[in-house]
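Reading the structure
Residues per chain are reported as follows:
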Amino acid sequence: MEEIYLIGNWKMNMLPADVLAYFDKFLINLRKYINTKKEKRDIKIKTLDAVKTIFAVPYIDMFYANLYANEEKRIEIAAQNVFHIDEGSYTGEVSPLMLKSIDIKYSIIGHSERRKMGETSKDIFQKANALLKHNIVPIICIGESKDEEEKKKTKEVLKKQIKEIMENINDKNSMQKIIFAYEPLWAIGTGKHCSKDKANENILYIKEVLKEEGIENPKVLYGGSVNAENAREYIETKNIDGLLVGGASLKHTEFLKIYVEIIKVLNKE
Ligand code: PGA
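Scope of this entry: the structure provided in the associated data block. This is a predicted model, so every value here is computed, not measured.

So, on to the site of the ligand. The environment of the ligand is formed by 13 residues, the closest being Lys11, His111, Glu183, Gly189 and Ser225. Note that an oxygen atom of the ligand is positioned 2.7 Å from one of the side-chain N or O atoms of lysine 11. Interatomic distance of 2.8 Å between a backbone N/O atom of glycine 247 and an oxygen atom of the ligand. Protein chains shield 95% of the accessible area of the ligand, which is 280 Å² for the free molecule. Broken down by class, the residue content of the shell around the ligand amounts to four nonpolar, seven polar and two charged.

Moving on, we get to the packing of helix H8 (residues 154-166) against helix H9 (residues 196-212). Close contact between H8 and H9 brings their axes to 10 Å; oriented N to C, the two are set at 35 degrees. Seen along the crossing, H8 lies across H9 with a hand that is right-handed. Between H8 and H9, the contacting residues are Thr154, Lys155, Leu158, Lys159, Ile162, Lys163 and Met166 on the first element and Glu201, Asn202, Tyr205, Ile206, Val209, Leu210 and Glu212 on the second. When grouped by side-chain class, the residues that make up the contact of H8 with H9 number seven nonpolar, two polar and five charged.

Criteria and cut-off values
Residues numbered from 1 in each chain as written. Predicted model: local features only at pLDDT ≥ 70, side-chain atom pairs only at ≥ 80, totals over all residues. Heavy atoms only, no water. Near = heavy atom within 4 Å. Polar contact = N/O pair within 3.5 Å; in protein donor to acceptor, adjacent residues only side chain to side chain. Areas by Shrake-Rupley, 256 points an atom, 1.4 Å probe, with all protein chains shown as cover. Nonpolar A, V, L, I, M, F, W, Y, C, P; charged D, E, K, R; others polar. Axes fitted to C-alpha atoms, helices over the stretch in contact; angles between N-to-C directions. Helix = DSSP H or I, 4+ residues; strand = E, 2+ residues; numbered from the N terminus. Left-handed = near helix turned anticlockwise from the far one by under 90°. Contact = heavy atoms within 4.5 Å.

This is the structure:
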């Protein structure tokens, strides 16, 4: 069974006290769900093991979130951004070496909200190379704007975004680990999610381009207004390797519902 990623992107939300309140409840409910299913012999262990549940939290929350990840192996913690140099005079930045030192294994990079603040493809490939050097998995976001989609330029834009990054990844072995997230800009935080057919088509295309760039078995997630109602249809396509969830990850009950939807699909396999 292929791995399915469920990544919550908390963005710039959640104070440390909120983190404690969130995980206290999320983990109780997660364990209750899993144990009830196990008692009824209603769930396959391989299904549980296939779902990788990851929370991309603000730096300030990492210490607290890590306390929970240390006691529950079914959740992991990611960064939302990183700098591309390990140490030095870069006021306000956080390095891959620092993330590594507290056992962070993933970092989102190139999120459209950061691109809007001026982040370029060069920044993104530099960050990807720096993360890979420390064995941290880059989760690279790509996606077209509303205008580009209306002008039917989606594929052209996606190809350009991928090539500008992938052609500058130094280590051809470690690049196999990179995860991509297809996030159409017009679907992020708008409540207007991309239809599963369109997401499927674009993700198949992204995978084709990534194969041309040397990634043998590319992993591509969908993100953009995912919630408990629409999560299932993306996973059912079998081509989409998981979900990057913003707004709906801030409520632990909603996020658990999305987890349950994924389990239901995989448990049938
Ligand atoms: P959203 O955000 O789920 O709130 O649309 C997704 C993202 O920005 O990663």
